[in-house]
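Understanding the architecture of this molecule
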Amino acid sequence: GLGSCFSFSIPFDIAEKASFIQQQNVPQTLNPACAHIRVLVAEDNKANQLVIQNLFKHIGLKIDIANNGIQAVEMVKHRSYDIVFMDISMPKMDGKQATQAIRELEKENGRKVQIVALTAHAMDGDSEGILAAGLDDYLTKPLRKSLIHERIMKNMPAAVAPLQCEGEDLQATG
């Protein structure tokens, strides 16, 4: 056949203002005192690296990027990080293997870094496998700024007071 053609109309009123849009109660940036937080992101995909760099830039943090698990382990070996965001699926050494290698390094140096998995695989049961591999938490892709901010605040050094959002103004809580 020739196919079919359908049409329909849906009557809507034009909104006066965007009152239906919910504002997320998440600060757009971190407290300037948080700028010293050391963040490592292990991600092999160049496009994802650019997106992640942009997300962290808008939060107010500079990050180091490892292109694979081997590089992530080397970077942790030579620099102290407060939090590591670790892609699970990477060539050469995946995120679970890299995390296990980092956990071995921690036995030698006595310092534990929080490692948050970044994964596109969010099936039931995946979280148990991720956590069993030694990762502390996980985020699913695509990443959202509010969830990255939440993980950073959760793993913030104790000396830095988190921020609360009141209307348009950010207020320190500590």
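It should be emphasised that the depicted structure is a prediction, and the values quoted were computed from it without experimental measurement.

Digging into helix H3 (residues 95-109)
For H3, spanning 15 residues, the distance from its first C-alpha to its last is 21 Å, which sits close to the expected 21 Å at 1.5 Å a residue. Listing the buried residues of H3 in full gives Gly95, Ala98, Thr99, Ile102, Arg103, Leu105 and Glu106. Mapping the buried residues of H3 onto a view down its axis gives an arc of 160 degrees, with all of them on the same face. Structural note: H3 exposes Lys107 and Glu108 on the side pointing more than 90 degrees away from its buried face. Looking at the packing, one finds that the buried side of H3 touches helix H2 (69-78), strand E3 (83-87) and strand E4 (114-119). Near the N-terminus of H3, the side chain that reaches the backbone nitrogen of lysine 96, with its oxygen 3.0 Å away, is that of aspartate 94.

Describing a nonpolar patch on the surface
Taken together, Phe8, Ile10 and Phe12 make up a surface patch of nonpolar side chains, about 450 Å² in accessible area. With respect to the element layout, isoleucine 10 can be found in the segment before strand E1 (39-42). Taking relative accessible area as the criterion, isoleucine 10 reaches 53% and is therefore assigned exposed.

Re the pattern of salt bridges
The full count for this structure, using the stated rule, is 13 salt bridges. The residue glutamate 104 makes a salt bridge to lysine 107 at a minimum N-O spacing of 3.0 Å. Note that glutamate 104 and lysine 107 are positioned in helix H3 at a spacing of 3 residues, about one turn of the helix. For lysine 107, a relative accessible area of 64% translates into the label exposed. A salt bridge links arginine 151 to aspartate 137, with the shortest nitrogen-to-oxygen separation between them at 2.7 Å. Of this pair, arginine 151 sits in helix H5 (residues 145-154) while aspartate 137 sits in strand E5 (residues 137-140), placing them 14 residues apart in sequence. Judged by relative accessible area, arginine 151 falls into the buried class, the value being 10%. Put simply, Arg103, Glu106, Lys112 and Asp136 are held in one network by salt bridges that share partners.

Parameters at a glance
Residues numbered from 1 in each chain as written. Predicted model: local features only at pLDDT ≥ 70, side-chain atom pairs only at ≥ 80, totals over all residues. Heavy atoms only, no water. Helix = DSSP H or I, 4+ residues; strand = E, 2+ residues; numbered from the N terminus. Expected span 1.5 Å × (residues − 1). Buried < 20%, exposed > 50% of the residue type's maximum accessible area, 1.4 Å probe, protein only. Arc of directions from axis to C-beta. Contact = heavy atoms within 4.5 Å. Polar contact = N/O pair within 3.5 Å; in protein donor to acceptor, adjacent residues only side chain to side chain. Patch = residues over 30% accessible without salt bridge, like charges linked within 9 Å, V, L, I, M, F, W, Y side chains within 5 Å. Areas by Shrake-Rupley, 256 points an atom, 1.4 Å probe, with all protein chains shown as cover. Salt bridge = Lys/Arg side-chain N within 4 Å of Asp/Glu carboxyl O.

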